[in-house]
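So the chains spell out like this:
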Amino acid sequence: MNSQNTKVHIKLWHREFWQLAIANLFLSMSVYMLIPVLPQWLIQEENFSMLEAGLSMGIFALGLFLFGPFVSYMVQHYRRNRVCMHAIVLLVLCHGLLWYIDNLKSEFVEFGLILLQRFVLGSLFGFAQMVLSSTLVIDTCESFQRTEANHSASWFGRFALSLGPLAGIVIQQIWGFNIVIIVAAALALAAVLLIRTVDFPFRAPEEHVHVFSCDRFLLDKGGVLFLNLLMITIAIGIAIGQMDSLQEFGMMMIGFFLALLAQRFIFRDAELKSEVVTGLILLSAALLIIQTRHTVAAGYISSTFIGMATGIIGTRFLLFFIKLSRHCQRGTSQSSFMLAWESGLALGVGVIYLMTEWLPQQLNIVALALAIAALLMYNWMTHSWFMTHKNR
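The following paragraphs examine the structure supplied in this document. Computed from a predicted model, the values in this text were never measured in an experiment.

## Quick notes on helix α1 (residues 15–32)
Next up, step 1: Relative to the 26 Å expected for 18 residues at 1.5 Å per residue, α1 spans 25 Å between its end C-alpha atoms, a close match to the ideal helical length.
Next up, step 2: With respect to burial, α1 is a largely interior element, 13 of its 18 residues being buried.

As structure tokens, then:
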């Protein structure tokens, strides 16, 4: 069978790795908490239109790419852990701007200011994630453990996709939007503290490093994988952005655990193609259920399917990016995967509010069409292309 599995090394799970993995969880939660609550606040409290709310959520995706070309230069010339921590501290200040705006109850915020805040938040989150996933996590483990380290650390960020919105909904219902922002900022600060207490060896700055570079940013031959994953994550973002209850995000978490079990037992010796195909079938089934069934049970089933699909597809595409890269491009592959993943989710959430303004009944049809197109692209093009071009 043409299958691939990630080995488990107990020695990988030492204190420093745990700290960085949990830092990834907290950092991701601090951003994902806003997915279900920020658009409501913009529309209900700040009198934004659906179109403006959609643009505010979607522009986050553009911000993710802003500092990418400078990541290699920054981590080569400065202490890489400090670069990451400074980016997260600035992200906390971005959260603080939202908190300040929310406390100006007598004034409505300008649309341009929210666009700027979301763009800068996306740029700082993308920069911090690139340094954390492509450099810091790798620095804490042996060379033969790095694939497992990337695989495991990414799961902590994936769990944040359900834990973050769940926490945001609970906190908003009990204490209000301003406390959501405070908790989001506190989680990001906790991530800083966790990174701060990890001991990274000093490395002398390298010379002749270009200020502007695709190293640790975009994989030079990963365009096909990037496009295919982007289509999938936009569809996932549309599905997740419509979830607004604790039960749905709780069932999504169960779906994540089922995906983990499936990878260890069901797909252990399965054909390599089977994981992505199965994940896209589950995603398509979830979107069909959302479109055609409106019962509580249907909502639980669709949320579970979304969690399973997200976990299975995310893990396999991450390993695809790693295996596509050359030896010196592991960090670049991590950043490329993260950019496709996060930008797709942000665009998917933004599409919800853009389409609600014009074609609300067609929203899930669009997501389903994307999922089916992604399945056809993967089955007839991406997989064979990957098998031809992989390096590992």
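## Remarks on the packing of aromatic side chains
Next up, step 1: All told, the structure shown has 20 aromatic pairs when counted by the stated rule.
Next up, step 2: Pairing Phe-159 with Phe-257 gives two aromatic rings, centres 5.2 Å apart and planes at 40°, and the pair type is tilted. You can see Phe-159 sitting in helix α7 (residues 146–174) and its partner Phe-257 sitting in helix α10 (residues 246–266), a full 98 residues away along the chain.
Next up, step 3: Here Phe-257 falls in the partly exposed class, since its relative accessible area comes to 46%.
Next up, step 4: The rings of Trp-13, Phe-17, Trp-18 and Phe-156 are connected pair by pair, giving a single aromatic cluster.
Next up, step 5: Taking NZ or CZ as reference, Arg-158 lies 4.8 Å from the ring centre of Trp-155, over its face.

## What to know about the pattern of salt bridges
Next up, step 1: Counting across every chain of the model gives four salt bridges.
Next up, step 2: Arg-80 is the salt-bridge partner of Asp-139, the closest N and O atoms lying 3.2 Å from each other. One end of the pair, Asp-139, is in helix α6 (residues 111–139); the other, Arg-80, is in helix α5 (residues 80–103), and 59 residues separate them in sequence.
Next up, step 3: Across the pair Asp-220 and Arg-326 runs a salt bridge, and its minimum N-O distance is 3.5 Å.

## Things to note about a nonpolar patch on the surface
Next up, step 1: On the surface, Ile-254, Leu-258, Leu-261, Phe-265 and Ile-266 cluster together into a nonpolar patch covering about 520 Å² of accessible area.
Next up, step 2: You can see Leu-261 is positioned in helix α10.

## Structural notes on the nonpolar core
Next up, step 1: Judged by nonpolar contacts, the single largest core of 135 residues is most densely connected at Ile-195, Leu-283 and Phe-317.
Next up, step 2: A total of 13 residues in this core trace back to one element, the largest contributor, which is helix α9 (residues 223–241).
Next up, step 3: Setting aside residues up to four positions removed in sequence, Phe-317 forms contacts with Leu-225, Asn-228, Leu-229, Ile-232, Val-276, Phe-337 and Tyr-378.

## A short note on the side chain of Ser-284
Next up, step 1: With respect to the helices and strands, the residue Ser-284 is situated in helix α11 (residues 274–292).
Next up, step 2: Residue Ser-284 is classed as buried on the basis of its relative accessible area of 10%.
Next up, step 3: Ignoring any residue separated from it by four or fewer positions in sequence, one finds Ser-284 in contact with Leu-368, Ala-371 and Ile-372.

## A short note on the environment of Val-137
Next up, step 1: Here Val-137 is to be found in helix α6.
Next up, step 2: Look at Val-137 and you get buried, because its relative accessible area is 3%.
Next up, step 3: Spatially, the C-alpha atom of Val-137 lies 31 Å from that of Ile-179, the residues being 42 residues apart in sequence.
Next up, step 4: Contact partners of Val-137, with chain neighbours within four places excluded, come to Phe-17, Leu-20, Leu-132, Ala-149, Asn-150 and Ala-153.

Calculation rules
Residues numbered from 1 in each chain as written. Predicted model: local features only at pLDDT ≥ 70, side-chain atom pairs only at ≥ 80, totals over all residues. Heavy atoms only, no water. Helix = DSSP H or I, 4+ residues; strand = E, 2+ residues; numbered from the N terminus. Expected span 1.5 Å × (residues − 1). Buried < 20%, exposed > 50% of the residue type's maximum accessible area, 1.4 Å probe, protein only. Phe/Tyr/Trp six-rings, centres within 6.5 Å; stacked < 30°, edge-to-face > 60°. Lys NZ or Arg CZ within 6 Å of the ring centre and 35° of its normal. Salt bridge = Lys/Arg side-chain N within 4 Å of Asp/Glu carboxyl O. Patch = residues over 30% accessible without salt bridge, like charges linked within 9 Å, V, L, I, M, F, W, Y side chains within 5 Å. Areas by Shrake-Rupley, 256 points an atom, 1.4 Å probe, with all protein chains shown as cover. Core = buried A, V, L, I, M, F, W, Y, C linked by side-chain atoms within 4.5 Å. Contact = heavy atoms within 4.5 Å.

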